[in-house]
Structure formats: C-alpha cells, structure tokens
Amino acid sequence: MAFRYLAKVYVDNEEVAHESGNDVDELYNWMLTKAQGKFENFSGEIIDQKTHQIVKSFRKAPLD
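First things first, this report covers the structure right here in the doc. All values reported here derive from a predicted model rather than from experimental measurement. (Residues numbered from 1 in each chain as written. Predicted model: local features only at pLDDT ≥ 70, side-chain atom pairs only at ≥ 80, totals over all residues. Heavy atoms only, no water.)

1. Concerning the overall build of the protein
And step 1. In terms of helices and strands, the protein carries one helix and four strands.
And step 2. Along the chain direction, N to C, the helices and strands of the protein fall in the order β-β-α-β-β.
And step 3. For 64 residues, the compact-globule formula gives about 11 Å, and the C-alpha radius of gyration of the protein, at 12 Å, lands near that figure.
And step 4. Seen through its principal axes, the protein has C-alpha atoms that stretch 40 × 20 × 15 Å.
And step 5. Residues classed as buried in the protein amount to 31% of the 64 residues present.
And step 6. Contacts in the protein between residues far apart in sequence, at least 24 positions, make up 37% of those at least 6 positions apart.
And step 7. Accessible surface computed for the protein: about 4700 Å², of which carbon and sulfur atoms make up 48%.
And step 8. Separation between the mean location of the 8 positive side-chain charges and that of the 11 negative ones in the protein comes to 3 Å. (Helix = DSSP H or I, 4+ residues; strand = E, 2+ residues; numbered from the N terminus. Rg over C-alpha atoms; globule rule 2.2 N^0.38 Å. Buried < 20%, exposed > 50% of the residue type's maximum accessible area, 1.4 Å probe, protein only. Contact = heavy atoms within 4.5 Å. Areas by Shrake-Rupley, 256 points an atom, 1.4 Å probe, with all protein chains shown as cover. Lys, Arg positive; Asp, Glu negative; His and termini not counted. Charge placed at Lys NZ, Arg CZ, Asp CG, Glu CD.)

Written out as structure tokens, the structure reads:
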C-alpha cells in the first residue's frame, strides 16, 4: 500500500532526507527533529501524493 504523504527536508535547497507516511503530524515532527540542533538553512514540506499539493511546510534559518 502506498503512503498518502511524502515529507522532504532540504538544506540550502538540496534534498537531504525524505520519509513517507499517512499521518501529517507525525511527518511534521519527523521533519522538525531532522532540523533540531543544526545551524544550516533548513526547510521542509509535506506533499499529498494524490493531489501533489503542499499541505504543510517549515523554514529554519541560522541565527545571525
């Protein structure tokens, strides 16, 4: 069975990790965990694989 959602994590616009699942909140927590404690420009998005729409996203920039 294919998963409904695909989460992707990026550093400076380069994909560094991805995970599939059916629970948006679980995938969102997974993305935030990947970015925790890092000092790069992180971003992420969760895509509904049926509609190809972004359903949730985040962006984290390093402190100046």
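Still to come is the rest of the account.
2. A word on the environment of serine 57
And step 1. Secondary-structure assignment places serine 57 in strand β4 (residues 54–60).
And step 2. On a C-alpha basis, the gap between serine 57 and glutamine 36 in space is 15 Å, while along the polypeptide they are 21 residues apart.
And step 3. Apart from the residues lying within four places of it in its own chain, the contact partners of serine 57 are Tyr28, Gly44 and Glu45.

3. Digging into the nonpolar core
Where a protein is soluble and globular, its nonpolar side chains tend to be buried together.
And step 1. Within the largest apolar cluster, twelve residues are counted, these being Tyr5, Ala7, Val9, Val11, Ala17, Leu27, Trp30, Met31, Ala35, Phe42, Ile46 and Phe58.
And step 2. Secondary structure elements with two or more residues in this core: β1 (5–11), α1 (24–35) and β3 (42–48). (Core = buried A, V, L, I, M, F, W, Y, C linked by side-chain atoms within 4.5 Å.)

4. What to know about the sheet that holds β1
And step 1. Strands sit in the order β2-β1-β3-β4 across an open sheet of four strands; the sheet is antiparallel. Looking at which strands have only one partner, the edges of the open sheet turn out to be β2 (14–21) and β4. Looking at each pair of strands side by side, their axes are set apart by 15 degrees on average, direction ignored.
And step 2. Here β1 pairs with β2 via seven bridges, running antiparallel. (Pairing = 2+ DSSP bridges. Axes fitted to C-alpha atoms, helices over the stretch in contact; angles between N-to-C directions.)

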